[in-house]
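# Commentary on secondary and tertiary structure
Listed here are the chains, written in short residue letters.
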Amino acid sequence: MTPSDFSDTETSRNLLILYATETGNAQSAADSIARQCRRIAFQCRVMSTDAYSLPDLVSEDLIIFVVSTTGSGLEPRSMTSMWNMLLRANLPEDLFEDLPFAVFGLGDTAYEKFCWPAKKLSRRMSSLGAIEICERGEGDEQHPLGIDGALQPWVSKLLDILLQLSPLPPGVDIIPVNDVPQPRVMLKESLRSTLDREQDALESDIRYHLATVKKNERITAADWFQDVRHLEFSFEDDTNYSPGDIAVIYPIASRTDVESFLDEMELSDIADDAFRIEQIMSDQSLPDHLPEVTTLRTLFSRYVDFNAVPTRSFFQFLRYFTTDDLEKEKLDEFLSPEGADELYEYCHRVRRTIREVLVEFRHVKIPKDYIFDVFPPMRARHFSIASSVKIHPREIQLCVAMVKYRTKLKIPRKGVCTSYLSVLKPSDTLRMGIQRGFIRLPPDDSTPVICIGPGTGVAPMRSIIEERVFGGSGSNTLYFGCRSAIKDQHYGSEWKSYVDQQQITYRAAFSRDAPEGVKRTYVQDLITEDAEQIWRLIGEGGAWVYISGSSNKMPGAVKEALAHAIEIHGGHSSTDAKKYLEEMAKEGRLIEECWS
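Every value quoted in this text rests on a predicted model; they were computed, and no experiment measured them. (Residues numbered from 1 in each chain as written. Predicted model: local features only at pLDDT ≥ 70, side-chain atom pairs only at ≥ 80, totals over all residues. Heavy atoms only, no water.)

## A few points about the pairing of strand β20 (residues 505-510)
Look at any regular strand and the pattern is simple: side chains alternate between the two faces of the sheet. What counts, and what does not: One requirement defines pairing of two strands: DSSP has to find at least two bridges between them. Strands here mean DSSP runs of E at least two residues long; helices mean DSSP runs of H or I at least four residues long; both are numbered from the N terminus. When the strands point away from the viewer, a crossover counts as right-handed if the path from the first strand over the helix to the second runs clockwise.
One ladder, built from 6 bridges, connects strand β19 (residues 476-482) with β20; its direction is parallel. Note that in β20 the partner of Thr477 across the bridge is Thr505. Regarding the hand of the β-α-β motif, the stretch spanning β19, helix α16 (residues 492-500) and β20 is right-handed.

## Some remarks on the sheet that holds strand β14 (residues 395-401)
Operational definition: A fitted line through C-alpha atoms serves as each axis, taken over the contacting stretch for helices, and the angle formed by two N-to-C directions is quoted from 0 to 180°.
With antiparallel pairing, 6 strands are arranged side by side in an open sheet as β13-β10-β17-β8-β9-β14. Taken across any chain shown, the strands that pair with only one partner, and hence form the sheet edges, are β13 (381-384) and β14. With direction set aside, neighbouring strand axes in the sheet form an average angle of 40°.

## Points about the sheet that holds strand β22 (residues 590-595)
The strand order across the open sheet built from 5 strands is β20-β19-β18-β21-β22, with neighbouring strands paired in parallel fashion. Edge positions in the open sheet fall to β20 and β22, since each of these has one partner strand only. Going across the sheet, the axis of each strand differs from the next one's by a mean of 10°, ignoring polarity. Relative to strand β21 (residues 544-550), strand β18 (residues 449-452) runs parallel, the two being bridged by 4 bridges.

## Quick notes on the domain arrangement of the chain
Using the following cut-off: Note that domain bounds follow an automatic or database assignment of domains. Here, two residues are considered to be in contact whenever any of their heavy atoms come within 4.5 Å of each other. The quantity reported as buried area is the accessible area (1.4 Å probe) lost by two parts once they are put together, taken as the sum for both. When a carboxyl oxygen of Asp or Glu is within 4 Å of a side-chain nitrogen of Lys or Arg, the pair counts as a salt bridge. Distance and chemistry together define a polar contact, namely a pair of N or O atoms within 3.5 Å, with one atom able to donate a hydrogen and the other to accept it when in protein, and with adjacent residues in sequence counting only for side-chain atoms on both sides.
One can read the domain layout of the chain as domain 1 (14-165), domain 2 (185-189 + 254-374), domain 3 (202-250 + 379-435) and domain 4 (449-594). Summarising the inter-unit geometry, the C-alpha centres of domain 1 and domain 4 are found 35 Å apart. Listed per partner, the contact involves 5 residues of domain 1 and 5 residues of domain 4. With both sides pooled, the region where domain 1 packs onto domain 4 buries about 450 Å², and carbon together with sulfur makes up 36% of that total. For the pair domain 1 and domain 4, the interface holds 0 salt bridges. Inspection of the domain 1/domain 4 interface yields 0 residue pairs in polar contact (both at pLDDT 80 or more).

## As for the environment of Ile566
The condition is simple: Think of it in three bands: residues with accessible area under 20% of the maximum for their type are buried, residues over 50% are exposed, and the middle band is partly exposed, with areas taken using a 1.4 Å probe on protein chains only.
As for its placement among the helices and strands, Ile566 is situated in helix α19 (residues 554-570). Residue Ile566 is classed as buried on the basis of its relative accessible area, which comes to 0%. In the structure, Ile566 is positioned 35 residues away from Ala531 in sequence and 7.9 Å away in space, judged by C-alpha atoms. Excluding its chain neighbours within four sequence positions, the residues that come into contact with Ile566 are Trp535, Gly571, His572, Ala577, Tyr580 and Leu581.

## Side note on the nonpolar core
Inclusion rule: Side-chain atoms within 4.5 Å are what join buried Ala, Val, Leu, Ile, Met, Phe, Trp, Tyr and Cys residues into a set we call a nonpolar core.
Counting residues in each nonpolar core, the largest one holds 43 residues, and the members touching the most others are Phe300, Phe315, Leu318, Ile371 and Phe375. Here the element with the most residues in this core is helix α9 (residues 312-321); it accounts for 6 residues. Residues within four places of Phe315 in sequence aside, it is in contact with Pro310, Leu331, Phe334, Leu335, Leu343, Tyr346, Cys347 and Val357. Grouped together as the second largest cluster of nonpolar side chains are 30 residues, Ala26, Ile33, Val46 and Ile161 included.

## Concerning α19
What sets the pattern is the α-helix's 3.6 residues per turn: residues three or four places apart point alike. Basically, it comes down to this: A helix's residues, less one, multiplied by 1.5 Å, set its expected span.
If you check α19, its first and last C-alpha atoms are 23 Å apart, about what 17 residues at 1.5 Å a residue would give, namely 24 Å. Along α19, the positions that sit buried rather than exposed are Met554, Pro555, Ala557, Val558, Lys559, Ala561, Leu562, Ala563, Ala565 and Ile566. For α19, the elements touching its buried residues are β18, α17 (523-529), α18 (531-540), β21, α20 (574-587) and β22. Gly571 occupies a position one or two residues after α19 and carries a positive phi of about 75°.

## A closer look at the packing of aromatic side chains
The following threshold applies: Any two rings among Phe, Tyr and Trp, with Trp reduced to its six-membered ring, count as a pair given centres within 6.5 Å; such a pair is stacked if its planes are under 30 degrees apart, edge-to-face if over 60, and tilted if neither. Note on criteria: charge over ring means Lys NZ or Arg CZ within 6 Å of the ring centre, with the direction from the centre no more than 35 degrees off the ring normal.
One pass over the full model with this rule turns up 23 aromatic pairs. Here the aromatic rings of Tyr491 and Trp495 are separated by 6.3 Å at their centres, their planes lie at 75°, and the arrangement is edge-to-face. The burial state of Tyr491 is the same as that of Trp495; both residues are buried. An aromatic cluster of three or more residues is present, and its members are Phe314, Phe315, Phe334, Tyr346 and Phe361. Its end group placed over the ring of Tyr346, Arg352 keeps NZ or CZ at 4.0 Å from the ring centre.

## A closer look at the side chain of Arg589
Mapped onto the elements of the fold, Arg589 is located in the loop between α20 and β22. Looking at Arg589, its side chain comes within polar contact range of the main-chain oxygen of Ala543, at 3.1 Å.

## Quick word on the environment of Ala26
Here Ala26 shows up in helix α1 (residues 25-38). As a C-alpha pair, Ala26 and Gly107 span 81 residues in sequence and 9.9 Å in three-dimensional space. Among residues more than four places away in sequence, those in contact with Ala26 are Tyr19, Ala20, Thr21, Val66, Ser68 and Leu106.

In structure tokens form, the structure reads like this:
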């Protein structure tokens with residue numbers, strides 16, 4: 001449908017932007033869309049799908065959906081209620097008759113089902129009578145500019161369509177893109193004494209529980225290149241979670257890093273001054289659990305992230321706030337369509353951080369009121385729980401790889417959250433949330449399970465196996481992969497103990513232990529070797545299959561090996577073998593918990 005189809009009616013200038021996010025990227029995209037729509041005098045409301053009253057959808061004038069993808073093409077958890085409501089079979093076909101809407105999806109083409117929730121939502125809304133006014137946008141994390149590579153051109157197209165649907169009122173002009181937008185907040189001086197009365201919002205959030213560190217142990221060899229930790233946390237109250245559930249942790253930036261950053265930004269003298277935050281742009285989000293009164297030191301420690309790789313909008317704000325002509329020229333190049341490749345080479349390819357960019361663009365002076373516009377929020381990090389609450393009551397265990405690497409500029413990097421976790425000592429405390437995962441166990445403990453979890457992908461598999469062993473099930477097969485049997489075989493002694501007690505079948509691939517010149521072995525190779533047994537478990541035993549780990553080539557290779565077993569020993573054609581796996585996924589018997 002085109003804007004001309006709405007010629008008989010004038011579209012309202014009220015616009016609802018609903019986002020569904022796991023890591024915060026869709027929320028940032030929704031904020032960006034709202035800022036641009038404000039330039040053409042649209043009044044936007046930006047809300048998470050789980051905070052919106054779903055019955056009100058039918059009463060909206062215009063909706064923009066911004067939807068991320070998680071797992072193997074699943075919708076974010078915050079969208080599940082809305083999606084289940086839209087899927088109800090008794091909904092009339094004209095429920096959203098002529099309701100204008102648009103969808104922007106966020107995904108990663110490293111995954112097989114790229115932007116799947118956005119595609120399904122687009123089709124479902126259309127089937128219920130809504131009118132898609134703008135071709136669906138699909139942002140790809142693999143694009144040189146990330147999501148921005150598709151978001152910026154899509155928003156430009158959206159604005160043109162919105163102006164056709166609802167021309168500007170008389171006397172109102174489009175706000176030029178180079179005009180500095182209003183800040184989200186105003187920071188007003190406050191008395192230092194008010195800080196003492198400020199309650200930590202995270203502590204009062206009932207979804208987060210006080211966790212005490214019991215153990216923080218390195219489980220890779222001391223001389224191994226990768227530091228992987230086994231962490232144990234205890235709780236005073238009962239904790240309820242299931243295999244596959246997620247621990248949610250808000251990191252705190254290193255005190256040394258924060259101090260250095262404040263010095264570089266010439267903010268040390270005022271870093272501990274108290275100020276009150278007043279939100280003035282309601283169509284823009286703010287970091288979770290943000291206090292009303294705080295200091296710059298606290299903000300850069302807990303609420304905004306100066307170590308993130310910046311997006312394109314960050315460079316637009318630098319352009320607003322630099323006073324140097326050479327910097328303006330360089331920023332104009334970065335922001336031009338012709339400069340996209342140069343921006344990629346300067347920033348994204350080498351993983352240059354916000355902090356490093358600001359050091360180089362030394363004439364940029366960011367007004368304090370724009371802190372939340374320039375710096376992204378410090379996002380919570382999600383970790384698969386590696387334990388069963390039935391074996392470890394009032395306890396959560398994690399298996400976490402410490403993020404350390406060197407960029408193409410040879411600059412060492414450390415993950416903000418894993419650095420925070422790495423220095424935790426027994427008796428230290430933090431707040432931890434628990435989020436429902438996508439993994440479900442068979443209702444019958446006698447049903448076989450096949451767990452495939454190389455590297456730290458073994459975390460949820462350990463949770464599954466502990467739960468199953470506790471329930472008396474011995475039909476458990478684990479495929480684990482790492483580089484070295486003696487250097488990084490996570491929980492190897494536990495698996496051996498289970499094998500000795502005939503509680504699991506354990507198959508491990510050690511890709512770097514073979515002699516030089518011998519083909520490396522990965523988990524998918526072991527599955528191919530075991531094809532006959534795999535089919536016996538899946539085809540005859542009705543086994544459930546779980547895949548967890550990095551989303552690079554592993555999940556696809558594993559599914560190819562499974563399909564090979566179904567084809568060769570199940571007597572299916574190659575096409576039917578793939579359909580067999582698809583049916584398993586639809587039935588919930590094939591579950592992926594992978595990440596990029």
